[in-house]
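Single-letter residue listing:
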Amino acid sequence: LYEGFWESSVPLRTHVLLDGKGQVIRTSDLSARMAPYGEIRTLERADLIDLLRSHGGGVPVCTGTTVERIEQDWMTGTSANDRPARVLFSDGSEGEFDVVVGADGFRSRVRRLLFGEVTPKYTGSVLYWWWEDIPLGIEPSTENKDFLGPGRLLGLYSGKYRSARYAMLPAAEAEEANEPSANSLDNATELTEARKALLRERLSGFGGETVRKVLDRLDDAGFVERLELADLLAPRWHMGRIALVGDCAATVLPTAGVGASLAMESAAVLADELSRTSARYLPGALRFYEDRRRKRVERLQNASRQMIRLSMVRWPMLAAVRDAALRRMPESIVAGDVAQLLER
């Protein structure tokens, strides 16, 4: 699928970090950092899903359906663990499977069936994001820009046809709103308009001319998403014939920008372990999968927590100290951090 991924995506070659006045703090050449490993490329999640689905190999996909119950031998008190797991789905159907993979995100039902409720750790920050169409005849940008101010962050990067915009604010400055129901288009429209007004107010005077232009184009945006930022870590990532992958196993905050990539890494490792076992010994393969992945994912989860604390410093004096330190930090240190993440 790599050729299709290449055609659907845009290279990300430069990262520009700016302060709350729009002054450049530092510019990093991502192409040079990534040269030994490949290339960073961006695409919309819907395009990625379409790409993955195009190579499904005839596997049936049932949408609008979730898992209601899973039964395994160890759940029923029997000692044998060489029989398939029995799964009951929300549409009333059921089946038996050698392995069940929970890849159902932050609010995972599969994780809850295994381990009960796992308490999220909230950051005290709220993320907003929206998309902006790229005008015809304009090439997508290969830059990622992040504007940092006291208790403020605004970021910009491009996909092939639309540009992503995201903003972070302290939870105390973000409106309290319930998500609209799926059938409430009017409520969704009202909610989006309220969020646009809040963003214009909270980011007024922030980031200089570039941010002002982004806010001026907010009227053209569709739905503005809102998320109270939190992460979580499941106590285990496997039990019997069930494995957890991605955000339902360990959620990495978006400040690291690696959540989808880590999920795909984990899926590749899981596939590798499954390719070297039989159905009878699947529980052991799932244990090896967790052993190979957990430390790396936890390390990046911790890095994302540090990044959000650094990005969302609220006191102006501390923000000024942060910006000064970032200006003086040698590029070799920054590049070294990236290399460590890629090599371990």
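If you're wondering where the values come from, they're calculated on a predicted model, not measured in any experiment.

On to helix H7 (residues 259-274), then. If you check H7, its first and last C-alpha atoms are 23 Å apart, about what 16 residues at 1.5 Å a residue would give, namely 22 Å. Taken as a whole, H7 has its buried residues at Leu262, Ser266, Val269, Leu270 and Glu273. Seen end-on, H7 carries its buried residues on one side only, within an arc spanning 100°. Residues of H7 that are buried sit in contact with strand S8 (100-102) and helix H8 (282-311).

Let's shift gears to the sheet that holds strand S7 (residues 94-97). Either a parallel or an antiparallel arrangement is found when strands of a sheet pair, and the pairing is made through backbone hydrogen bonds. Pairing in this open sheet of 3 strands is antiparallel, and the strands run S5-S6-S7 from one edge to the other. Here the strands that pair on one side only, and so sit at the sheet edges, are strand S5 (67-71) and S7. With direction set aside, neighbouring strand axes in the sheet form an average angle of 25°. As judged from the 4 bridges shared by strand S6 (residues 85-89) and S7, these two strands associate in the antiparallel manner. The partner of Ala85 across the bridge, within S7, is Phe97.

As a further point, take the environment of Arg299. Considering the arrangement of structural elements, one finds Arg299 in helix H8. Arg299 sits 36 residues away from Ala263 along the chain, and the two C-alpha atoms are 14 Å apart.

Moving on, we come to the nonpolar core. Grouped together as the largest cluster of nonpolar side chains are 25 residues, with contacts concentrated most on Ile70, Val100, Val110, Trp237, Ile242, Leu244 and Tyr289. When contributions to this core are tallied by element, the ones reaching two or more residues are S5, S6, helix H4 (109-115), strand S15 (242-244), H7 and H8. With 4 residues, H8 is the single largest residue contributor to this core. Residues in contact with Val100, not counting those within four places in the same chain, are Ile70, Ala85, Val87, Arg241, Ile242 and Ala243. Membership of the second largest hydrophobic core comes to 21 residues, among which are Leu154, Leu156, Val214 and Leu215.

Right, let's get into the sheet that holds strand S9 (residues 121-133). Strand order in the open sheet made by the 7 strands is S3-S2-S10-S11-S12-S9-S13, with mixed pairing throughout. Both outer strands of the open sheet, strand S3 (24-29) and strand S13 (225-231), are each paired with one neighbouring strand and no more. For this sheet the average axis-to-axis angle between neighbouring strands, irrespective of direction, equals 20°. Both S9 and S13 contribute to a ladder of 6 bridges, which runs antiparallel. Residue pairing for S13: Lys121 is matched across the bridge by Asp231. Packed on one face of the sheet, helix H9 (residues 316-328) meets strand S2 (14-19), S3 and strand S10 (143-149) and runs near 35° to S3.

Looking at where Arg86 falls in the secondary structure, it is placed in strand S6. Taking the C-alpha atoms as reference points, Arg86 and Ser54, separated by 32 residues in sequence, lie 28 Å from one another. In this structure Arg86 touches Arg69, Ile70, Glu71, Glu94, Gly95 and Glu96, once residues within four positions along its chain are discounted. Only 2.8 Å separates the side chain of Arg86 from the side chain of Glu94, close enough to count as a polar contact.

The next thing to look at is a nonpolar patch on the surface. A contiguous nonpolar surface patch, about 270 Å² in accessible area, is contributed by Leu1, Leu52 and Met264. Mapped onto the elements of the fold, Met264 is located in helix H7. Overall, the relative accessible area of 39% leaves Met264 in the partly exposed class.

A few words on the pattern of salt bridges. Within the structure shown, the criterion is met by 29 salt bridges. Of the charged contacts, one joins Asp19 and Arg327 as a salt bridge, the two residues approaching to 3.2 Å between their closest N and O atoms. Linking Asp19 in strand S2 with Arg327 in helix H9, this pair joins segments that are 308 residues apart in sequence. The salt bridge partner of Glu173 is Arg152, with a shortest N-O separation of 2.7 Å. Within this pair, whereas Glu173 is found in the loop between strand S12 (162-170) and helix H5 (185-202), its partner Arg152 is found in strand S11 (residues 152-158), the two being separated by 21 residues in sequence. Take Glu173: its relative accessible area is 24%, and that puts it in the partly exposed class. By relative accessible area, Arg152 is classed as buried at 15%. One continuous salt-bridge network, built from bridges that share partners, spans Arg69, Glu71, Arg86 and Glu94.

The rules we used
- For every chain, the first residue of the written sequence is number 1, and numbering continues from 1 along that sequence.
- Totals for whole chains, interfaces and linings use every residue, but because this is a predicted model, local features are given only for residues with pLDDT of at least 70 and side-chain atom pairs only at 80 or more, for both listing and counting.
- The side-chain quantities take in all heavy atoms of the structure and omit both hydrogens and water.
- Counting from the N terminus, the helices are DSSP H or I runs at least four residues long and the strands are E runs at least two residues long.
- The span one expects for a helix is its residue count, reduced by one, times 1.5 Å.
- For the exposure calls, accessible area comes from a 1.4 Å probe over protein chains only, and a residue counts as buried if that area is under 20% of its type's maximum, exposed if over 50%, partly exposed in between.
- Think of the arc as the fan of directions from the helix axis to the C-beta atoms.
- Contacts: residue pairs with any heavy atoms within 4.5 Å of one another.
- Whether two strands pair comes down to DSSP finding at least two bridges between them.
- Lines are fitted to the C-alpha atoms to define the axes, a helix being fitted only along its stretch in contact, and any angle between axes, read from their N-to-C directions, falls within 0 to 180 degrees.
- We call a set of buried residues a nonpolar core when its members are Ala, Val, Leu, Ile, Met, Phe, Trp, Tyr or Cys and they connect through side-chain atoms within 4.5 Å of each other.
- N or O atoms closer than or at 3.5 Å make up a polar contact, with two conditions inside protein: a donor-capable atom paired with an acceptor-capable one, and, for residues adjacent in sequence, both atoms drawn from side chains.
- Grouping into patches uses exposed residues only, defined as over 30% relative accessible area, and leaves out salt-bridged ones; the cut-off is 9 Å for like charges and 5 Å for nonpolar side chains (Val, Leu, Ile, Met, Phe, Trp, Tyr).
- Note on areas: these come from Shrake-Rupley sampling with a 1.4 Å probe, and a residue is covered only by the protein chains present in the view.
- Salt bridges are defined by distance alone: a side-chain nitrogen of Lys or Arg within 4 Å of a carboxyl oxygen of Asp or Glu.

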